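Structural overview for review
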Amino acid sequence: MKYKLDHEAKTFGDWAYLAVAKHYKKFLSHELAVLEDKDPEELHQMRVGMRRLRSAINGFTAALNLPENGQGKKVGKIAKSLGNLRDLDVLEDTLKNKYYPHLPNKEQKRLKEVLYSLEKNRKKAFKKVRETLNSQNYFDLKQAFAHWLKHPKYHDIAQVSIETILADILLPEVSQLMLHPGWLIGFDFASQTNNLSKKAVESLLDKDELILHDLRKVGKRTRYNMELFTQFYGHIYQTYVTDVKGIQSILGDIQDSFVLAEFLNEICDDNILSNLPTFCETLQDSRYQKWQEWENLQQKFLNHQTRKNLYLTILEPCFSNSQKVVEEIVATNIP
């Protein structure tokens, strides 16, 4: 089925419709492949589509009059129910391909036992995913969006031109990201440096892991909202989007290392350090490398000029190529 506007996209509501249609199509297009369970990437892409749809709903919430079963919290609940399986897929891939080949034989043997337990957990997790995608709640969610896309309803502000309102949509989201306390962790304002030793980084992460994890989540949401409007900006804006993606990626890799260690501690009968010392040392080295990448972004975004340029970029969109993007969005058919 093809969802499309019957006129040129000009208003806040028009672009809200296109964003909802695009990300609804995306997650729905991966549903059958997820149920076949042949490629873990299909599950990942379906969850990405759902998260982007939820971000679009939040970003355009002032314009959208969605039904109860089409609210962002409903989308988030379904996406979260798929999360356990995705986490297990990531853990399995990381252990098999990143760490296992470089471990001594004794630790490889121990890791094989962990991978066996992981596979058993994955079978249970996939069963729950299958139940979710065959549930009445999921059916109701799809029906709600399908109906809304055929007969969209909006609030009054949807009539405002996108040119008038675009900066008002983006700037609060970006400001929230820039004000997050996670930026300040480990930064010495007196010397304007953030060059920490591996030991200092480990201590810092043990203490402030949750704050950095929250910064990652805010960064992800900001990135998704910024990407809704890349068609209105040039390469400078895209560079900032790439930087925000870097925040998500680097802090995500750090968080994943903690999740991995926690999982192994649950699986192993005794302390992980005594079972897998080489693995643990490699894990710490990987964290430290990611932290050094993070320090570069941290220093960049704690700079006054960087932030000023970002805000000025958002205030100067260009609308000349927007209709081409509309055509690309509406061209995709879904079952």
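Please refer to the structure placed before this passage.
Residues numbered from 1 in each chain as written. Predicted model: local features only at pLDDT ≥ 70, side-chain atom pairs only at ≥ 80, totals over all residues. Heavy atoms only, no water.

**Re the overall build of the protein**
Secondary structure assignment for the protein yields 13 helices and zero strands. Taking 20 Å as the expected radius of gyration for a compact globule of 335 residues, we find that the protein reaches 22 Å, a close match to that expectation. Principal-axis analysis of the C-alpha atoms gives the protein an extent of 65 × 55 × 30 Å. A buried classification covers 49% of the 335 residues belonging to the protein. A sequence separation of at least 24 residues applies to 79% of the contacts in the protein between residues at least 6 apart. Surface summary for the protein: the accessible area is close to 17,300 Å², and the carbon and sulfur share equals 49%. Looking at the protein, you have 47 positive and 44 negative side-chain charges, and the mean spots of the two groups are 4 Å apart. (Helix = DSSP H or I, 4+ residues; strand = E, 2+ residues; numbered from the N terminus. Rg over C-alpha atoms; globule rule 2.2 N^0.38 Å. Buried < 20%, exposed > 50% of the residue type's maximum accessible area, 1.4 Å probe, protein only. Contact = heavy atoms within 4.5 Å. Areas by Shrake-Rupley, 256 points an atom, 1.4 Å probe, with all protein chains shown as cover. Lys, Arg positive; Asp, Glu negative; His and termini not counted. Charge placed at Lys NZ, Arg CZ, Asp CG, Glu CD.)

**Observations concerning the nonpolar core**
The biggest cluster of nonpolar side chains holds 96 residues, and the ones touching the most others in it are Phe229 and Phe279. Looking at this core element by element, the count peaks at 13 residues for helix α9 (residues 235-267). Other than its neighbours up to four places away in sequence, Phe229 contacts Phe60, Ile162, Leu166, Ile169, Leu170 and Tyr237. (Core = buried A, V, L, I, M, F, W, Y, C linked by side-chain atoms within 4.5 Å.)

**Considerations on helix α8 (residues 198-227)**
Given a rise of 1.5 Å per residue, 30 residues ought to cover 44 Å, yet the end C-alpha atoms of α8 are separated by just 34 Å, more than 12% below that figure. In α8, a bend of some 75° at Asp208 exceeds every other bend along the element. (Expected span 1.5 Å × (residues − 1). Bend = angle between axes of the 7 residues up to and from the residue.)

**Topic: the environment of Tyr224**
Within the secondary structure layout, Tyr224 lies in helix α8. For Tyr224, a relative accessible area of 4% gives the class buried. On a C-alpha basis, the gap between Tyr224 and Tyr116 in space is 36 Å, while along the polypeptide they are 108 residues apart. Excluding residues that lie within four positions of it along the chain, Tyr224 makes contacts with Val48, Arg51, Arg52 and Ser55.

**Concerning the pattern of salt bridges**
When the charged atoms of two side chains lie near each other, side chains of opposite charge can form a pair. In the structure shown here, the tally under the stated rule is 14 salt bridges. Between Lys207 and Asp208 there is a salt bridge; the shortest N-O distance is 3.0 Å. Look at Lys207 and you get exposed, because its relative accessible area is 62%. Its relative accessible area of 11% is what places Asp208 among the buried residues. A salt bridge links Lys290 to Asp253; the nearest nitrogen and oxygen atoms lie 3.1 Å apart. Residue Lys290 is located in helix α11 (residues 277-301), and its partner Asp253 is located in helix α9; the two are separated by 37 residues in the primary sequence. Using a relative accessible area of 18% as the deciding quantity, one classes Lys290 as buried. Bridged by salt links that share partners, the residues Asp37, Asp89 and Arg122 form one connected network. (Salt bridge = Lys/Arg side-chain N within 4 Å of Asp/Glu carboxyl O.)

**Things to note about the packing of α9 against α11**
Where α9 meets α11, the axes come as close as 10 Å, and the angle between the chain directions of the two elements is 155°. The angle between α9 and α11 places the two elements in the roughly antiparallel class. With respect to the hand of their crossing, α9 and α11 are arranged in left-handed fashion. Considering only residue class, the contact of α9 with α11 consists of 15 nonpolar, two polar and six charged. (Axes fitted to C-alpha atoms, helices over the stretch in contact; angles between N-to-C directions. Parallel < 35°, antiparallel > 145°, perpendicular 65-115°, else oblique. Left-handed = near helix turned anticlockwise from the far one by under 90°. Nonpolar A, V, L, I, M, F, W, Y, C, P; charged D, E, K, R; others polar.)

**Examining the side chain of Thr11**
Summarising the element assignment, Thr11 is placed in the segment before α1 (12-29). Side-chain polar atoms of Thr11 contact the backbone oxygen of Ala158, separated by 3.3 Å. Beyond its immediate chain neighbours, meaning those up to four positions away, Thr11 contacts Ala158, Gln159, Val160, Ser161 and Ile162. (Polar contact = N/O pair within 3.5 Å; in protein donor to acceptor, adjacent residues only side chain to side chain.)

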